[in-house]
Every structure is written in structure tokens, then in C-alpha cells.
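Structural characterization, general
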Amino acid sequence: MDDSQPDEEKSRWTEALRRHLKTAKALRLQANQAPAAARKRLLLREWQAARLARSYSGLLASERFGQAAQFFLSDLYGPKDFSSRDEEVERILPLLVSLLPASALQTIALAIEVDALTEELDAAMVVELDRAGTIDCIDEDAYTAAYRQVGRRPERERQIVLIRTTGEALERLARNALLTTLLKLMRTPAQLAGLGDLHAFLASGFAAFRRMGNALEFLDCIESTERKLFQNMFSGVAKPFAF
């Protein structure tokens, strides 16, 4: 076996983390550079959060999947501002690299890539909704028109792939009893050290996926729903949300 492989994997995910952190930070600064711009971004994200809650009402109401669905819609794919979490990761990245296995670094890197890509796509949507005069009255028709005008099909598909991949990475990590125990022990020290958002993200994800057990059905549901919407949007279906 090549003993250098774990180090190479760690290096790869560390570089990915740095790259995605830089991108997400720049996009957030741009989006929040003026109160008006920040308000428009929030309007879009609130509408998207409500859409996700409607699309996944069954998962949210499920005893088995509810906690994982809530985590996905609030901590991974929702309107939450992840600035504090990402700043914490950036601040202690050398420590994370020394303490965490490559699989944990991969999970964090994937989550931040989701964040960065979502920021990029949302910025384009805000510009188009604002241009069309519908940013203050977003509905399915306005959102669909902006989505199709923005296009960015490869990036939209990449977003769906990332959501699935991040879920799979979280599931693998949640099976690691040692990491789960470590997270429980580190709650208070993390908060005292100003790392509360990062710890909460990891602990919530671990807890949700451990409670759910096998995540295949859950991830299949999310991927199939988002792919159906994706196909409806780009194929010109009149009512793309009606499925």
C-alpha cells in the first residue's frame, strides 16, 4: 500500500477547501455590499426556502427522515448565511488538517462548495429577477422565467451532484463512532473558542444521519425531485413545479 495516499488525499481536500472558502467569501461580500443588494438576496433565499419546504414536506414530516431533511434545508441547501461557519474554518484550517481525517475534510469542503456555487447562482438570479421587476413579488412564474434566462445548466447540474455527494459523505462520517464521540466532547470547548457554528454544522449533520440510518432512500428522493425540476425548467414545461 502507498503510505503517501492519505496525505495526498488530505492535501487535495485542503486545497479544495481553501479555494471554495475564497470563492464563497468574495460572493457574499459582493451580495452584501449594500443594504438594497442584501435585501434582494434575502428575498430570493426566503422564496427558495419556502419552495424547498413545499417540495419536501413529506420528508420533513417523516419520523425517520425529518431531522435529516431539516438539516439539508437549513444547514446545507437553504437560506442560512454561512459566513461565520466559513470564517471559523478559514481561521483554524491548519488545525483541522492536523486533527481531522481526509473524509471529514472532504465533507466540509463539499459543503462549502455547495455554499459557493449556490451564492454564484443566486447572484445571477437576483440580477435577472431585478431586471424583470419581479424581485419583490417572486412567484413560480417569475422564478421560472429568471431561471431559464440565467441558464447555467452545467452549474445547476453540478449543484444537484454536490448535494448528493455531500449527503453520502455525511452518511459515511456518521458511522464513525469515534468522531461522533469527539464532537460531543468538543461542544463546550468549540463554543468557548469561537467555533460554535462549525461545531453545530458538523454535530447537526452527524446526529441527523445517525438517526436516519441508511440514507439511500432519502438521497434518492432529493436527487430525483431536483433532477425532475431541473429537466422541467430546461425543457420548457409550462408549470415546472407541478409534479
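Cut-offs used in this document
Residues numbered from 1 in each chain as written. Predicted model: local features only at pLDDT ≥ 70, side-chain atom pairs only at ≥ 80, totals over all residues. Heavy atoms only, no water. Axes fitted to C-alpha atoms, helices over the stretch in contact; angles between N-to-C directions. Helix = DSSP H or I, 4+ residues; strand = E, 2+ residues; numbered from the N terminus. Parallel < 35°, antiparallel > 145°, perpendicular 65-115°, else oblique. Left-handed = near helix turned anticlockwise from the far one by under 90°. Contact = heavy atoms within 4.5 Å. Core = buried A, V, L, I, M, F, W, Y, C linked by side-chain atoms within 4.5 Å. Buried < 20%, exposed > 50% of the residue type's maximum accessible area, 1.4 Å probe, protein only. Nonpolar A, V, L, I, M, F, W, Y, C, P; charged D, E, K, R; others polar. Expected span 1.5 Å × (residues − 1). Phe/Tyr/Trp six-rings, centres within 6.5 Å; stacked < 30°, edge-to-face > 60°. Lys NZ or Arg CZ within 6 Å of the ring centre and 35° of its normal.

**Section: the packing of helix 5 (residues 83–91) against helix 7 (residues 102–132)**
Remark: helix 5 packs on helix 7, axes separated minimally by 12 Å, with the N-to-C direction vectors making an angle of 135°. In terms of orientation, helix 5 and helix 7 fall into the oblique class. By crossing handedness, the relation of helix 5 to helix 7 is classed as left-handed. Residues R85, D86 and V89 of helix 5 lie in contact with helix 7, whose contacting residues are I108, A111, I112 and D115.

**Some points on the nonpolar core**
One finds L17, F72, V89, F209 and F218 to be the most contacted residues of the largest nonpolar core, which totals 49 residues. Where this core is concerned, the elements lending two or more residues are helix 1 (5–31), helix 4 (66–76), helix 6 (93–99), helix 7, helix 9 (153–174), helix 10 (177–185), helix 12 (196–212) and helix 13 (216–235). No other element matches the 10 residues that helix 7 contributes to this core. The next biggest cluster of nonpolar side chains, apart from the first, holds 18 residues, and it includes L44, Y143, V150 and I160.

**A look at the packing of helix 5 against helix 12**
Contact pair helix 5 / helix 12: the axes reach a minimum separation of 7 Å and the direction vectors enclose 105°. Taken together, helix 5 and helix 12 sit at an angle that is classed as roughly perpendicular. Of helix 12, the residues touching helix 5 (which contributes S84, R85, E88 and V89) are G196, D197, L198 and F201. For the contact of helix 5 with helix 12, the per-class residue count stands at three nonpolar, two polar and three charged.

**Focus: helix 12**
Over its 17 residues, helix 12 runs 24 Å from end to end, which matches the ideal 24 Å to within 8%, given 1.5 Å per residue. Along helix 12, the positions that sit buried rather than exposed are L198, H199, F201, L202, G205, F206, A208, F209 and M212. Count one or two residues on from helix 12 and you reach G213, which has phi positive near 80°.

**Remarks on the packing of aromatic side chains**
Scanning all chains against the criterion turns up 12 aromatic pairs. With centroids separated by 6.1 Å and ring planes inclined at 35°, the aromatic side chains of F72 and F209 adopt a geometry described as tilted. One end of the pair, F72, is in helix 4; the other, F209, is in helix 12, with 137 residues separating them in the sequence. What links up through ring pairs into an aromatic cluster is the set W47, Y143, Y147, F230, F234 and F241. The side chain of R54 reaches across the aromatic face of W47, ending 5.7 Å from its centre.

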